[in-house]
Amino acid sequence: MSIYGLILAGGSGSRLWPLSRELYPKQLLNLNSDRSLLQSTFDRLAVFITPENIVSITNIKHAPNVKLQLGSTTVLSEPVSKNTAPAIVLAAKFIAQKSGEDPVILVVPSDHLIKNIDKFRATVEKGEKLAKEGYIVTFGVKPNYPETGYGYINAENMQFVEKPDARTAQKYLDAGTYYWNAGIFMFKASTLLAETARLAPEIAKIADKIDFTDGIPYVEFEKMPSISIDYAIMEKSGKIKLIPLESDWNDLGSWQSIYDTGEKDADGNVFSGTVLNEGSKNSLVYSSSKLVAAIGLEDTIIVETEDAILACKKDRSQDVKQVYETLRAQNNDAHLVHKTVHRPWGWYTVMTQGKGFLTKTIHVNPGHKLSVQSHEHRSEHWVVLSGMAKVLLDGKEHTLEAGKSIDIPVKAVHSLQNPYKEDIEIIEVQKGDILSEDDIIRYEDIYGRS
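Below: a short report on this structure. (Residues numbered from 1 in each chain as written. Predicted model: local features only at pLDDT ≥ 70, side-chain atom pairs only at ≥ 80, totals over all residues. Heavy atoms only, no water.)

1. Quick word on the sheet that holds strand S12 (residues 270-272)
Put simply, the rule is: Being paired, for any two strands, means DSSP has found at least two bridges between them. Numbered from the N terminus, helices here are DSSP runs of H or I no shorter than four residues, and strands are runs of E no shorter than two. Note on definitions: angles span 0 to 180 degrees between N-to-C directions of axes, and those axes are lines fitted to C-alpha atoms, for helices only across the stretch in contact.
Across the sheet, which stays open at both edges, the 4 strands sit in the order S12-S14-S16-S17 with mixed pairing between neighbours. A single partner strand is all that each edge strand has here, and the edge strands are S12 and strand S17 (309-313). Direction aside, the axes of adjacent strands within the sheet are offset by 5° on average. Bridge analysis of strand S16 (residues 300-304) against S17 gives 5 bridges, and the strand direction is antiparallel. The partner of Ile 301 across the bridge, within S17, is Cys 312.

Printed below as a string of structure tokens:
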């Protein structure tokens, strides 16, 4: 019986705003190493699971970046977000079909920090034995302080409870029978699918109609209830077994957790980027682009990005989600995207924007190219800053070295390409009445975007 890994990579990471944004969330970020949280999760599973047996499921808006980071790994794309139960059930069905057998599946979130891989693997092996016996295994973390940002599981009666207030969290800690819900599960595909049919038939009926020939279809998936695996299955099933996670574990879901896991100086500070400190203690300062001067801070979090700054007390880091939700309710793009936007071919940074114009720098990695496209509402002017650019414009090919420029008229079919070994950087000036990423008609795209 084979073991498969399933990485859940569809979260928004709202509590790590302003670094994490809706279109480029925390699992895609390099927070504690030169590998993203998603890539680190894959690396951890690949130690004891055949890499070809690792599957990731994410939202369609994150799929291009997830595919880029995971390379040849199979990536399933949800047309809309419907929480963890539909995602896990569909992925389990897909893996069972892909394997042609009844595999054991280990489900892990993409935003955990686990350093002791040997102990993690040993715990998973215990879970594998129970999974083969027909149980759905959940892995709990023994709490060492009254955390209000995690769900809990009572090992005595397998009761799953949501994030508590401070007083209730202390009560759970004192009881000694509660574990943090790590959101890590293990089961045979047949066990989960049978329990879904019994306990969540509305999910099972829709899942039965999907054959994955053309991925996960919107028409069917949109009918799925939006519900977590805890509510849909775990709280109702009599086949649940809890195994304490023996390894270290951190859910990198808040700035407090980033501080807790960061390397501290003699005064308990965690600094990242260009930071000038005078007398601060027990604080986190994260600078992504500017010099940040910290004077006399205590128990404070400062996070600087190109277009936003967060300042809060460490013990209020869970409330950052409220800022994110407020920005979203106000249709403020600061919750949605950075000024620097990552694409499969590289990235671009918005420098200035005004009425009828927008200026970007565009970086194209070697061997990559933008789609063959046109715009209905804007013209563009490109100036090559470095590298050698290949430009396709209305059927003609142009090669531009640094210092050269070219005009892209409205409705012209064009593409910026880099078949060379050096990076390309250009300045793009857009002019028009609509300056939106939605104003793109794609004719060819090597990354499968439409």
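2. Focus on the sheet that holds strand S18 (residues 340-343)
If you trace the 6 strands from one edge of the open sheet to the other, you get S18-S19-S20-S28-S23-S26, paired in antiparallel fashion. Looking along the sheet, the strands with just one partner apiece sit at the ends: S18 and strand S26 (405-408). With direction set aside, neighbouring strand axes in the sheet form an average angle of 20°. Across 8 bridges, strand S19 (residues 346-354) lies against strand S20 (residues 357-364) in antiparallel orientation. The residue of S20 that forms the bridge with Thr 352 is Thr 359.

3. Notes on the packing of aromatic side chains
The test is simple: Geometry of aromatic contacts follows a simple scheme: Phe, Tyr and Trp rings, the Trp one being its six-membered ring, pair when their centres are within 6.5 Å, and the pair is stacked under 30 degrees between planes, edge-to-face over 60, tilted otherwise.
Enumeration according to the criterion identifies 9 aromatic pairs in this entry. Ring geometry for Tyr 152 against Tyr 172: centres 5.1 Å apart, planes inclined by 55°, an arrangement best described as tilted. On the criterion of sequence distance, the pair formed by Tyr 152 in strand S7 (residues 152-154) and Tyr 172 in helix H5 (residues 166-175) is long-range, its members being 20 residues apart. Note on Trp 180 and Trp 249: the rings are 6.2 Å apart at their centroids and 40° apart in plane angle, and the pair reads as tilted.

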